Amino acid sequence: FALFLFLVLGCTEDTMTLDSKAADDMLFEKSVQVENSVPLKGKFTIYVDEVTHWPPPPPKQQIIKGMGTLTHLGLTEVIMDQSWFPPGPPPLIPPYTGTGFGTVKFIAANGDILLAEYDDAEALHETATLVIGTFTGHIIDGGTGRFEFASGTFDWKVIFYPAENIGYGVITGDIAY
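Trainee: Which parts of the structure should I look at to understand the side chain of Thr76?
Mentor: By the secondary structure assignment, Thr76 is in strand 3 (residues 74–85). The buried category is assigned to Thr76, whose relative accessible area is 0%. At a separation of 2.7 Å, a polar atom in the side chain of Thr76 contacts the main-chain carbonyl oxygen of Gly74.

Pasting the structure below:
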């Protein structure tokens with residue numbers, strides 16, 4: 001009880017006003033970000049840069065890289081770090097669907113970075129030479145520069161050709177920053 005009295009009596013009206021004002025500013029800033037979201041769209045060419053198989057295969061870690069354009073960033077480099085889980089052990093006969101989760105880093109030409117994460121990816125291996133990926137529910141989680149407090153969501157649809165190690169992706173969503 002003595003600690004409670006000390007805390008209450010130790011606070012001045014100025015301190016309480018400043019703390020209250022800071023809280024109001026933070027809440028207002030966040031609500032403005034949500035209300036001012038704008039469309040996020042992009043197109044990328046991607047390739048698998050690294051693959052690490054976990055024992056025993058087939059789960060694996062993949063680093064996927066690429067270049068493209070993204071609204072609000074312009075010419076953009078993309079780096080995806082994803083964990084991937086096919087539905088069973090090899091050999092897998094198409095069609096089958098694997099699942100995954102991971103992170104995405106978009107690097108604008110000026111160096112600003114936009115970060116996102118996802119945990120609901122699906123890739124339909126239509127044939128041995130064609131993969132159709134749907135990466136839904138990416139959550140934008142800040143970044144650097146003008147994207148330090150960015151928020152929003154986007155989906156990414158990908159067509160990938162494993163034999164050529166090339167794919168094409170389209171991004172649609174919303175961003176606030």
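Trainee: Explain the nonpolar core here, please?
Mentor: Counting 29 residues, the largest nonpolar core has Phe106, Leu114 and Trp156 as its most contacted members. Looking at this core, the elements that each hand over two or more residues are strand 1 (38–53), strand 2 (60–70), strand 3, strand 4 (96–108), strand 5 (113–127), strand 6 (130–143), strand 7 (151–161) and strand 8 (166–176). For this core, the leading source of residues is strand 5, giving five residues. Setting aside its immediate chain neighbours within four residues, Leu114 contacts Leu70, Leu73, Val104, Lys105, Phe106, Ile140, Gly142, Gly143, Phe147, Ala150 and Ile175.

Trainee: Sorry if this is basic, but what is going on with the pairing of strand 5 here?
Mentor: The sheet contact formed by strand 4 and strand 5 spans eleven bridges and is antiparallel. Across the sheet, Tyr96 pairs through a bridge with His125, a residue of strand 5. In this antiparallel pair of consecutive strands, strand 4 and strand 5, the connection spans four residues, and Gly111 shows a positive phi of 100°. As paired elements, strand 5 and strand 6 share nine bridges and run antiparallel to each other. Paired with Ala123 across the bridge in strand 6 is Gly133.

Trainee: I tried to follow the pattern of salt bridges on my own but got confused; where do I start?
Mentor: Two side chains of opposite charge can pair, provided their charged atoms sit close to one another. A complete count under the given rule lists two salt bridges for this structure. The salt bridge involving Asp49 is made with Lys65; its shortest N-O contact spans 3.4 Å. Placement of the pair is Asp49 in strand 1 and Lys65 in strand 2, with a sequence separation of 16 residues. Between Asp112 and Arg146 there is a salt bridge; the shortest N-O distance is 2.5 Å. One end of the pair, Asp112, is in the loop between strand 4 and strand 5; the other, Arg146, is in the loop between strand 6 and strand 7, and 34 residues separate them in sequence. In this structure Arg146 comes out as partly exposed when scored by relative accessible area, which is 34%.

Trainee: How do you make sense of a negative patch on the surface when you look at a structure like this?
Mentor: There is a patch of like negative charges on the surface, built from Glu117, Asp119, Asp120, Glu122 and Asp141. Per-element tally for the negative patch: the top contributor is strand 5, with four residues. Note on placement: Glu122 falls in strand 5.

Trainee: Is there a simple way to explain the side chain of His125 in this structure?
Mentor: Along the chain, His125 turns up in strand 5. Residues within four places of His125 in sequence aside, it is in contact with Trp84, Pro94, Pro95, Tyr96, Leu130 and Val131.

What counts and how
Residues numbered from 1 in each chain as written. Predicted model: local features only at pLDDT ≥ 70, side-chain atom pairs only at ≥ 80, totals over all residues. Heavy atoms only, no water. Helix = DSSP H or I, 4+ residues; strand = E, 2+ residues; numbered from the N terminus. Buried < 20%, exposed > 50% of the residue type's maximum accessible area, 1.4 Å probe, protein only. Polar contact = N/O pair within 3.5 Å; in protein donor to acceptor, adjacent residues only side chain to side chain. Core = buried A, V, L, I, M, F, W, Y, C linked by side-chain atoms within 4.5 Å. Contact = heavy atoms within 4.5 Å. Pairing = 2+ DSSP bridges. Salt bridge = Lys/Arg side-chain N within 4 Å of Asp/Glu carboxyl O. Patch = residues over 30% accessible without salt bridge, like charges linked within 9 Å, V, L, I, M, F, W, Y side chains within 5 Å. Areas by Shrake-Rupley, 256 points an atom, 1.4 Å probe, with all protein chains shown as cover. Lys, Arg positive; Asp, Glu negative; His and termini not counted. Charge placed at Lys NZ, Arg CZ, Asp CG, Glu CD.

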